[in-house]
Amino acid sequence: MNLDDLVFHPWAMQGPRDVPTLVGGSGSHVVDDGGRRYLDFGSQLVFANLGHQHPRIVAAIREQADRLCTLAPGWASDVRGEAARLIVEVAPEGLGHVLFTSSGTEAIEHAVRMARLFTGRPKVLAAYRSYHGSTTTSIHLTGDPRRWASDTGAAGAVHFFGPFLYRSAFGSATQEEECERALAHLEQVILLEGPGTIAALVLESVTGSSGVIVPPPGYLRGLRELCDRHGIIYIADEVMAGFGRTGAWFGVDHAGVAPDLMAFAKGVNSGYVPLGGVLVSDAVYELFTTRPYPAGLTYSGHPLACAAAVGAISAMRDEDTIAAAARLGSEVLGPGLRELADKHRVVGDVRGIGGLWSLELVRDRVTQEPLVPPGATGAANAPMAAVVKACLERGLLPLVLGNRLHVAPPLNVDDGDAAAGLAILDEALSAADEHAA
């Protein structure tokens, strides 16, 4: 019996699967049950920011397990408090408290709940090209096709177009035009929806799994100003972008803005034990000093997860991971991926920052027709399946979403491994070139 067949798998049609069974790992590599090594070029789902089996994180978990494995959230915890301190220290100014969750989707749920309680308003704005999670509120806020099957239209979610020059909704020719027009569009949406009905605006600081879209200079600052003008809570979704992934502690740091609430997860402890949270501004915090916050989680601030966060953040500081991630993008991944775009006609666009990049694959560079349609499966998805197969055969774990090949290795990947990964992508893209004009 294949034990994997007993598992009900998320985001997948059920049935037997032909995927490696991974049983070990070290650094930027994982190992299957036959002893074969694979280069993890997507950090799993962009969360293993410090790679696999980092000794500082493993030691922190082991030490905490020897002391106290679990604790209800109502009791004070030294490791939970230390994790909160380290997170607040690297966060934007004014975010002085942490609500711990078990995941990023829970963090979005609680940030939205806080915003609605704080403002007394029902609606939340979110971008069309976005992913915020798969629980009820977060999937309604999600803008990409992953929302469609679950969308009831009843969660107070209102979508808008964010800036995206490659597929501009505004006919822009430059990043400056795209920024200006996207902000004007957003203001129109706010005015037409009624500012007094909008509790919050939630936005990924760098759009992640919906395309790796880096906002143009000035956009986040303009968005912050619009929120301030209309009394709207700005929720920054840093679940993927946070904790060094973009070459800064958080994606908003590139714009020098501070949100009112900030959701995080993934890189906070490299995913070694599930952990997420909401960084809470002083103003929102004060509301709940005079009334209880009407929600909670059984595993909020789980000791093993918080210990992993302490180990990870301490390691990132000592190893200068933020600077390493910035260099990874500017000197290794960015130049290397642009070279691949020059060689392969199937690559329509290269986008990214720090350790988060994407190759958008198209049938025609002029029309920008995607290589596969949204939600493609079976024969319709054959070109992307061929890319995945070519990567696996060469010992690389790819991260493929729709018609995009995302590149997000551990932030401490060495240059030799990064070069090897790019060389494998070069060979794998040849499997898709035959489908391009």
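Residue numbering note: each chain is counted from 1, following its sequence as written. Given that this is a predicted model, residues contribute local features only at a pLDDT of at least 70 and side-chain atom pairs are listed and counted only at 80 or more, while totals for whole chains, interfaces and linings are drawn from all residues. Calculated side-chain values reflect all of the structure's heavy atoms, with hydrogen atoms and water omitted.

Engineer: An account of the overall build of the protein chain is requested, with residue identities and associated values reported.
Structural biologist: The secondary structure content of the protein chain amounts to 12 helices and 16 strands. To get the radius of gyration, use the C-alpha atoms; to get the globule rule, take the number of residues to the power 0.38 and multiply by 2.2 Å. For 437 residues, the compact-globule estimate of 2.2 N^0.38 gives 22 Å, and the C-alpha radius of gyration of the protein chain, at 21 Å, lies within 12% of that figure. C-alpha extents for the protein chain along the principal axes are approximately 65 × 60 × 40 Å. To sort residues, take the accessible area from a 1.4 Å probe on protein chains only and compare it with the maximum for the residue type: under 20% means buried, over 50% means exposed, and anything in between is partly exposed. Each of the 437 residues in the protein chain was classed as buried or not, and the buried ones make up 53%. Throughout, a contact is declared for two residues whenever any of their heavy atoms are within 4.5 Å. For the protein chain, long-range pairs separated by at least 24 residues make up 71% of all intrachain contacts whose partners lie at least 6 apart in sequence. Taken as a whole, the protein chain presents about 18,200 Å² of accessible surface, with 55% of it coming from carbon and sulfur. Distance between charge centroids for the protein chain: 3 Å, based on 34 positive and 49 negative side chains. Where helices and strands are cited, they refer to DSSP runs of H or I of at least four residues and of E of at least two residues respectively, numbered from the N terminus. Here, Shrake-Rupley sampling with a 1.4 Å probe gives the accessible areas, and only protein chains in the shown set may cover a residue. Residues scored as charged are limited to Lys and Arg (positive) and Asp and Glu (negative), so that His and the chain ends carry no count. The atoms used to mark charge sites are NZ of Lys, CZ of Arg, CG of Asp and CD of Glu.

Engineer: Report on the sheet that holds strand S5 (residues 123-127), specifying residues and quantitative values.
Structural biologist: At least two DSSP bridges between two strands are needed for those strands to be called paired. Strand order in the open sheet made by the 7 strands is S4-S10-S9-S8-S7-S5-S6, with mixed pairing throughout. The open sheet has two edge strands, strand S4 (95-101) and strand S6 (157-160), and neither has a second partner. Averaged over all neighbouring strand pairs, the angle between strand axes comes to 20°, with direction disregarded. Note that S4 and strand S10 (residues 276-281) share 6 bridges and pair antiparallel. Bridge assignment links Leu 99 to a residue of S10, and that residue is Val 278. Note on geometry: axes are lines fitted to C-alpha atoms, helical ones only across the stretch in contact, with angles between N-to-C directions running from 0 to 180 degrees. Its contacts with the sheet put helix H3 (residues 78-90) on S4, strand S9 (261-264) and S10, and the angle it makes with S4 is roughly 130°. Each of S5, S6 and strand S7 (198-204) is contacted by helix H6 (residues 175-193), which is oriented at about 150° to S6, the strand it contacts most.

Engineer: Run through the domain arrangement of the protein chain, naming residues and quoting values.
Structural biologist: According to the domain assignment, the protein chain contains domain 1 (3-53 + 320-434) and domain 2 (55-319). Placing the centre of domain 1 and that of domain 2 at their C-alpha centroids yields a distance of 25 Å. Contacts between the two partners involve 39 residues from domain 1, matched on the other side by 40 residues from domain 2. When two parts are brought into contact, each loses some accessible area as probed by a 1.4 Å sphere; the total of that loss over both is the buried area. For the domain 1 and domain 2 pair, buried surface summed over both sides reaches about 3,100 Å², with 59% attributable to carbon and sulfur atoms. Three residues stand out in domain 1 for area buried against domain 2, namely Trp 11, Ile 322 and Ile 353, and they jointly supply 21% of the buried area on that side. What fixes the domain bounds is an automatic or database domain assignment.

Engineer: How would you sum up the sheet that holds strand S3 (residues 37-40)? Please name residues and give values.
Structural biologist: With mixed pairing, 4 strands are arranged side by side in an open sheet as S1-S2-S3-S14. The sheet terminates laterally at strand S1 (22-26) and strand S14 (396-397), the two strands that pair on one side only. As paired strands, S1 and strand S2 (residues 29-32) are joined by 4 bridges and run antiparallel to one another. When the bridges of S2 are listed, Ser 26 appears paired with His 29.

Engineer: Describe the pattern of salt bridges, with residues and values.
Structural biologist: Any carboxyl oxygen of Asp or Glu that lies within 4 Å of a side-chain nitrogen of Lys or Arg is treated as forming a salt bridge with it. By the definition in use, this model includes 22 salt bridges. Several salt bridges share partner residues, and in doing so they unite Glu 82, Arg 85, Glu 89 and Arg 317 into one network.

Engineer: Could you give me a rundown of the side chain of Glu 109, with the residues and numbers involved?
Structural biologist: Its location among the elements puts Glu 109 in helix H4 (residues 104-119). Buried charge Glu 109 goes without a salt bridge, the closest partner of opposite sign being Arg 113 at 5.3 Å. By the criterion applied in these results, polar contacts are pairs of N or O atoms within 3.5 Å in which, for protein atoms, one can donate a hydrogen and the other can accept it, and in which residues neighboring in sequence qualify only through two side-chain atoms. Within the structure, the side chain of Glu 109 is placed 2.8 Å from the backbone nitrogen of Thr 137, a separation counted as a polar contact.

Engineer: Any chance you could break down the environment of Gly 336 for me, citing the residues and the numbers?
Structural biologist: Relative to the helices and strands, Gly 336 resides in helix H10 (residues 321-343). Classification of Gly 336 by relative accessible area gives buried; the value is 14%. Residues Gly 336 and Glu 187, spaced 149 residues apart in sequence, show a C-alpha to C-alpha distance of 38 Å.

Engineer: Lay out the nonpolar core in plain terms, naming residues and giving numbers.
Structural biologist: Definition of nonpolar core: a set of buried residues of the types Ala, Val, Leu, Ile, Met, Phe, Trp, Tyr and Cys, connected through side-chain atoms within 4.5 Å. Membership of the largest hydrophobic core comes to 58 residues, with the highest contact counts inside it found for Tyr 219 and Phe 243. With 11 residues, helix H9 (residues 303-318) is the single largest residue contributor to this core. Core analysis: the next-biggest nonpolar cluster, separate from the first, contains 33 residues, Val 332, Val 372, Ala 376 and Cys 391 among them.

Engineer: So, the packing of aromatic side chains: which residues are in play, and what are the values?
Structural biologist: The relation between two aromatic rings is expressed through the spacing of the ring centres and the mutual angle of the planes. When the centres of two rings from Phe, Tyr and Trp lie within 6.5 Å, Trp using its six-membered ring, the rings pair. Their planes under 30 degrees apart give stacked, over 60 give edge-to-face, and anything left gives tilted. Within the structure shown, the criterion is met by 7 aromatic pairs. Note on Trp 11 and Tyr 131: the rings are 6.2 Å apart at their centroids and 70° apart in plane angle, and the pair reads as edge-to-face. Here Trp 11, found in the segment before S1, pairs with Tyr 131, found in the loop between S5 and helix H5 (136-141); they are 120 residues apart in sequence, far enough to count as distant. Geometrically, the ring pair formed by Phe 243 and Phe 250 is edge-to-face, given 5.0 Å between the ring centres and 70° between the ring planes. Residue classification places Phe 250 among the buried residues on the basis of a relative accessible area of 0%. These aromatic residues form a ring-pair network of at least three members: Phe 243, Trp 249, Phe 250 and Phe 264.

Engineer: Could you give me a rundown of unusual backbone geometry, with the residues and numbers involved?
Structural biologist: Even without being a glycine, Ser 43 presents a positive backbone phi close to 50°. Within the secondary structure, Ser 43 is located in helix H1 (residues 43-46). Here Gln 53, not a glycine, exhibits a phi torsion of approximately 60°, which is positive. Among the secondary structure elements, Gln 53 is positioned in the loop between H1 and helix H2 (55-67).

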